[in-house]
Amino acid sequence: MATYQLNVNGQSKKVDVDPSTPLLWVLRDELKMTGTKYGCGVSACGACTVHVAGIATRSCVVPVSHIGERPIVTIEAMAQDPVGRAVQEAWVAEDVVQCGYCQSGQIMSAVALLKHTPKPTDTNIEESMGGNICRCATYVRIREAIKLAAQQLK
């Protein structure tokens with residue numbers, strides 16, 4: 001066991017965990033932040049996506065010991081972020097959600113895309129969102145929601 005001081009959504013959080021514990025389980029089990037979902041455990045589906053130092057990161061494969069002082073942002077903080085709020089509003093406007101399980105990871109990836117590429121092309125969207133799987137296949141609505149959010153952020 002080791003003690004880690006994490007910066008999660010702008011707040012300092014202290015956890016005592018094994019250094020190899022994936023960030024996903026620290027967030028869900030230790031910090032009770034269940035918005036980040038477990039999907040596959042091998043970084044293939046994107047359900048566990050969070051931002052680490054502004055980069056969309058698959059939290060299921062990143063050991064907590066590799067985080068250091070880099071800030072972590074989860075879906076729980078998106079309503080307070082202007083880009084996050086725009087994406088969430090666009091998600092509702094485009095009626096993206098069906099079962100909803102993948103949506104926190106989808107939104108986190110979309111926000112990271114728009115922060116780095118404010119006016120994404122279809123190719124930018126497909127490349128950035130390609131690692132996020134949606135069992136309900138709402139990919140067309142996801143792409144349209146990202147475009148709508150980008151327009152709202154102009």
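Residues numbered from 1 in each chain as written. Predicted model: local features only at pLDDT ≥ 70, side-chain atom pairs only at ≥ 80, totals over all residues. Heavy atoms only, no water.

**Student:** Would you explain the pattern of salt bridges in this entry?
**Tutor:** When the charged atoms of two side chains lie near each other, side chains of opposite charge can form a pair. Using the criterion set out here, one finds four salt bridges in the structure. In this structure, D122 engages K147 in a salt bridge whose closest nitrogen and oxygen atoms are separated by 2.8 Å. Here D122, found in helix α4 (residues 122-129), pairs with K147, found in helix α5 (residues 139-152); they are 25 residues apart in sequence, far enough to count as distant. Here E126 and R143 are joined by a salt bridge, their closest N and O atoms 4.0 Å apart. Of the two residues, E126 is situated in helix α4 and R143 in helix α5; the sequence distance between them amounts to 17 residues. Each of the salt bridges in this network shares a partner with another, and the network as a whole consists of D122, E144 and K147. (Salt bridge = Lys/Arg side-chain N within 4 Å of Asp/Glu carboxyl O. Helix = DSSP H or I, 4+ residues; strand = E, 2+ residues; numbered from the N terminus.)

**Student:** Mind showing me how you'd approach the layout of surface pockets here?
**Tutor:** Take a probe with the size of a water molecule and roll it over the atoms, and the empty space left behind shows itself. Considered as a void within the structure, the largest pocket measures approximately 200 Å³ in volume. Classifying every residue of the lining of the largest pocket by side-chain character gives nine nonpolar, one polar and one charged. (1 Å grid on protein atoms, 1.4 Å probe; cavity = no way out; pocket = protein on both sides within 12 Å on 5 of 7 lines; lining within 4 Å. Points joined across faces, edges and corners; volume = space filled by probe spheres on them. Nonpolar A, V, L, I, M, F, W, Y, C, P; charged D, E, K, R; others polar.)

**Student:** Before we go on, may I ask you to explain the packing of helix α2 (residues 82-93) against helix α3 (residues 103-116) in this structure?
**Tutor:** A pair of packed helices is captured by two measures, namely the crossing angle of their axes and the spacing between those axes. At their nearest, the axes of α2 and α3 sit 9 Å apart, and the two run at 125° to each other. The orientation of α2 relative to α3 falls into the category oblique. In the packing of α2 onto α3, the handedness of the crossing is right-handed. Facing V83, G84, V87, Q88 and W91 of α2, the residues of α3 in contact are Q103, Q106, I107, A110, V111, L114 and K115. (Axes fitted to C-alpha atoms, helices over the stretch in contact; angles between N-to-C directions. Parallel < 35°, antiparallel > 145°, perpendicular 65-115°, else oblique. Left-handed = near helix turned anticlockwise from the far one by under 90°. Contact = heavy atoms within 4.5 Å.)

**Student:** Which parts of the structure should I look at to understand the packing of aromatic side chains?
**Tutor:** Remark: the centre distance and the inter-plane angle together describe each pair of aromatic rings, the angle taken between the planes. On inspection of all chains with the given rule, the structure shows one aromatic pair. A ring pair is formed by W25 and Y38, whose centres lie 5.3 Å apart and whose planes are at 35°; its orientation type is tilted. Here Y38 lies in the loop between α1 (23-30) and β3 (49-52) and W25 lies in helix α1, a separation of 13 residues in the sequence. Residue Y38 is classed as partly exposed on the basis of its relative accessible area, which comes to 35%. (Phe/Tyr/Trp six-rings, centres within 6.5 Å; stacked < 30°, edge-to-face > 60°. Buried < 20%, exposed > 50% of the residue type's maximum accessible area, 1.4 Å probe, protein only.)

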